[in-house]
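# Observations on chain architecture
Now for the letters of each chain:
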Amino acid sequence: MKIGVPRETAAGEKRVATVPDVVEKLVKLGFSVAVQSGAGEAANFADDTYRAAGAEIVGSAAELWAGSDIVFKVRPPTLDEVALMREGGHLIGFVWPAQNPQLMEALAARKATVLAIDCLPRQLSRAQKMDALTSMAGVSGYRAVIEAANAFGRYFNGQITAAGKIPPAKVFIAGAGVAGLAAIGTAAGLGAIVRANDTRAEVADQVVSLGGEFVKVDYEEEGSGGGGYAKVMSEGFQAAQRAMYAQQARECDIIITTALIPGKPAPRLITAEMVQSMKPGSVIVDMAAEQGGNCELTEPGQAVVKHGVTIVGYTDLASRLAKQSSTLYSTNLLRLTEELCKAKDGVAVVNMDDDAIRGLTVIKDGTVTWPAPPLKLPAPAPKPKPAAAAPAAKGHGHGAGEPMSAKSLAITFGIGALALLGVGLFAPASFLSHFTVFVLACFIGYMVIWNVTPSLHTPLMSVTNAISSIIAIGALIQIAPPLTSAGADRPSGLILGMAVLALVLTAVNMFGGFAVTRRMLAMFRK
């Protein structure tokens, strides 16, 4: 089968659906690849690089669409492009079926098989390699911070110079999905004070791990939706959220909004009054501009200044890093093609029994199959029942966690004393001296480990260092007799050598373990 890659016709679109490195891999799968002339120029991929990778360069869009069994696209095709499509052909790319009913009808009329990469069931772990939404969101989140820095007019990081002190920029990010997390990491890396909020409480740790501060809404409600998205929240939550956003708008220099709900217009988070309350020179980057925008004053595709605030509503953030975006997107399509062509014979097979492929397939041989049926995910494992507390022994027993009674303590110490007395009466004198050394070494080793900073311990190091301390104390006591008076017993040369060797190896183990642990901890500190 032949895979065709046309030049994108959407205004300002610079991405291309396949890059030369991926062409080579598609050819190895058994496909032939045709690329429209100039398709990759805006992303810095010349026609010659495609030829060198094994692709055929086609002059016109009509020739490419008519001669391709499978067409890779970035943006949804126009109705004119659908008219050029081979009847019964395959289309893979962004389609957005909920927003494009006319396009769906036109594709069904061509008896096409359409795999919408935006409909991938993201709940499946094995679908992550095909998740183009995540790839593009990560690029867009990074680019949003770069656009904000370009429009802001001063440093992100704080500086103290001879000319005066410059405070760090304060950045608030509404929505901590993939795009939001990418923006948090980028802004924190540039030195800004970063705050973020999301309706999903479970992302708080991710925000903190990237150097941000999670701002919680003073209202308890779970906000997790399906497929990694947030859900529509209650009116009470939204009122509390608006109050929090109003406060952040007054305090922060930059706001980046990323909130989207699949199949619905972007929720309005930033009102005109909030924009008016922001400091002059502040910036808002509305990443949801294509779906109507999270800011009331956003103009999709434009950067405008209102009330002294620059509002960036670009709808092509991923396209502004065209080479990077094209590389990631083409890799996602390659992984999908590998799933369709497991035999590596150049024939794509759309297996509707495969959950991932079924979710992607919105039209099959002219029949609309969207939306896909809900996934049958495995039931979560039941929580382990807490172990029943052991019943207290009758008489002088005690329950779990309760201190021993005075009587039980006296009995325990009495048994221990009798055991030591028996050892003293019947064991040889040499055994008693070694036994005493062992007990003292255990005690001193325990005290040494107890006083070490807890952050330097892993569970394994705690045990090994305790044992090492016991060995070190024992070895020192064996070495000590030669330094005492002349009448003391001296160990043999073999024992002395073994004690010195044990001391050296133990020291290497202990100090080396601490050094390695410190290096590991340093990796997680700024």
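Report on the accompanying structure. Fair warning: this is a prediction, and the values are worked out from it, not measured in the lab.

With that out of the way, let us pick up the overall build of the chain. Across its full length, the chain holds 16 helices and 17 strands. Relative to its full complement of 526 residues, the chain shows a buried share of 41%. Just so you have it, the chain exposes about 27,700 Å², and 62% of that area is on carbon and sulfur atoms.

Below, the discussion takes up the side chain of Asp 316. Tracing the backbone shows Asp 316 in the loop between β15 (309–312) and α11 (322–340). Among the residues examined, Asp 316 registers a relative accessible area of 17% and is labelled buried. Residues contacting Asp 316, with those up to four places away along its chain left out, are Gly 12 and Arg 75.

A word on the nonpolar core. Residues Phe 72, Tyr 329 and Leu 336 are the most contacted members of the largest nonpolar core, which totals 46 residues. Of all the elements in the fold, those that place two or more residues in this core are β1 (2–5), α1 (20–28), β2 (32–36), α2 (47–53), β4 (70–72), α6 (132–152), α11 and α12 (355–360). Looking at this core, the element that brings in the most residues is α11, giving 6 residues. If sequence neighbours within four positions are ignored, Leu 336 has contacts with Ile 92, Leu 115, Ile 117, Met 130, Ile 357 and Leu 360. Listed in part, the 31 residues of the second largest apolar core include Val 145, Val 203, Val 285 and Tyr 314.

In this section: the packing of α1 against α11. For the pair α1 and α11, the least separation of the axes is 10 Å and the interaxial angle reads 10°. Relative to α11, α1 is oriented roughly parallel. Between α1 and α11, the contacting residues are Val 22, Lys 25 and Leu 26 on the first element and Ser 330, Thr 331, Leu 334 and Thr 337 on the second. Here the residues of the contact of α1 with α11 sort into 3 nonpolar, 3 polar and 1 charged.

Before going further, it helps to spend a moment on the sheet that holds β4. Read across the open sheet, the 8 strands follow the order β3-β2-β1-β4-β5-β6-β16-β17; overall the sheet is mixed. Of all strands in the sheet, those bounded by a partner on one side alone are β3 (56–58) and β17 (367–368). Of the pairings in the sheet, the one linking β1 to β4 comprises 2 bridges and is parallel in character. Among the inter-strand pairings, Ile 3 is bridged to a residue of β4, identified as Ile 70. Against the sheet, α11 touches β4, β5 (90–93) and β6 (113–116), its axis set at about 140° to β5.

Applying the stated criterion across every chain, the model contains 25 salt bridges. For Arg 122, the salt bridge identified is with Asp 131, shortest N-O distance 3.2 Å. Because the salt bridges share partners, they merge into one network encompassing Arg 126, Lys 129, Glu 339, Lys 342 and Asp 354.

Because the α-helix completes a turn every 3.6 residues, residues three or four places apart line up on one side. Look at α6: 30 Å from first C-alpha to last across 21 residues, which is about the 30 Å you get at 1.5 Å a residue. The residue sitting at the N-terminus of α6 and contributing the capping side-chain oxygen is Asp 131; that oxygen lies 3.3 Å from the backbone nitrogen of Leu 133. Once α6 ends, the next one or two residues include Gly 153, with phi positive near 100°.

Moving on, we come to a nonpolar patch on the surface. Taken together, Leu 420, Phe 431, Phe 435, Phe 438 and Val 439 make up a surface patch of nonpolar side chains, about 460 Å² in accessible area. Here the nonpolar patch takes 4 residues from helix α14 (residues 429–450), the largest share from any one element. Checked against the element boundaries, Val 439 lands in helix α14. Note on Val 439: relative accessible area 42%, which makes it partly exposed.

Attention now goes to the packing of aromatic side chains. Summed over all chains, the structure comprises 5 aromatic pairs. Considering the side-chain rings of Tyr 219 and Phe 237, the 6.1 Å spacing of their centres and the 85° angle between planes classify their relative orientation as edge-to-face. Of this pair, Tyr 219 sits in the loop between β11 (213–214) and α9 (235–251) while Phe 237 sits in helix α9, placing them 18 residues apart in sequence. On the basis of relative accessible area, Tyr 219 is assigned to the partly exposed category, the value being 36%. Given a relative accessible area of 3%, Phe 237 falls into the buried group. Connected via pairs of aromatic rings, a cluster forms that spans Phe 94, Trp 96 and Tyr 329.

Okay, the packing of α6 against α11 next. Running from N to C, α6 and α11 cross one another at 165°; their axes reach a closest spacing of 9 Å. As summarised for this structure, α6 and α11 are arranged roughly antiparallel, according to the angle between their axes. Crossing hand, α6 versus α11: right-handed. Within the contact between the two elements, α6 uses Ala 132, Ser 135, Met 136 and Val 139 and α11 uses Gln 324, Ser 325, Leu 328, Tyr 329 and Asn 332.

Procedures and definitions
Throughout this description, residue numbers start from 1 for each chain and increase along the sequence as written. Totals for whole chains, interfaces and linings use every residue, but because this is a predicted model, local features are given only for residues with pLDDT of at least 70 and side-chain atom pairs only at 80 or more, for both listing and counting. Water and hydrogen atoms were dropped before computing side-chain values, which therefore reflect all heavy atoms in the structure. Put simply, DSSP marks the helices as runs of H or I at least four residues long and the strands as runs of E at least two long, and each gets a number from the N terminus on. Note on classification: 1.4 Å probe, protein chains only; a residue is buried when its accessible area is under 20% of the maximum for its type, exposed when over 50%, partly exposed between these limits. Under the convention used here, a 1.4 Å probe and the Shrake-Rupley method define accessible areas, while residue burial counts only the protein chains that appear. Contact between two residues is taken to exist if any of their heavy atoms lie within 4.5 Å; hydrogens are not considered. Put simply, buried Ala, Val, Leu, Ile, Met, Phe, Trp, Tyr and Cys residues joined by side-chain atoms within 4.5 Å make one nonpolar core. Every angle, taken between N-to-C directions, lies between 0 and 180 degrees, and every axis is a line fitted to C-alpha atoms, over only the stretch in contact when it is a helix. Roughly parallel refers to an angle under 35 degrees, roughly antiparallel to one over 145, roughly perpendicular to one between 65 and 115, and oblique to any angle outside these ranges. Throughout, the ten residues Ala, Val, Leu, Ile, Met, Phe, Trp, Tyr, Cys and Pro are labelled nonpolar, Asp, Glu, Lys and Arg are labelled charged, and all others, Gly among them, are labelled polar. Two strands are said to pair when DSSP picks up at least two bridges between them. Note on definitions: salt bridges are taken to be side-chain nitrogens of Lys or Arg within 4 Å of carboxyl oxygens of Asp or Glu. For a helix, the expected span equals 1.5 Å multiplied by the number of residues minus one. Under this definition, polar contacts are N or O atom pairs within 3.5 Å; protein pairs additionally need one hydrogen-donor-capable and one acceptor-capable atom, and for neighbouring residues in sequence, both atoms have to be side-chain atoms. The residues that make up patches have over 30% relative accessible area and no salt bridge, and they are joined within 9 Å when like-charged or within 5 Å when they are Val, Leu, Ile, Met, Phe, Trp or Tyr. Aromatic pairs are defined between Phe, Tyr and Trp rings, using the six-membered ring for Trp, whenever the two ring centres lie within 6.5 Å; interplanar angles under 30 degrees are classed as stacked, those over 60 as edge-to-face, and all others as tilted. Two helices that cross are described as forming a left-handed crossing if the nearer one is turned anticlockwise from the farther one by less than a right angle, and a right-handed crossing if clockwise.

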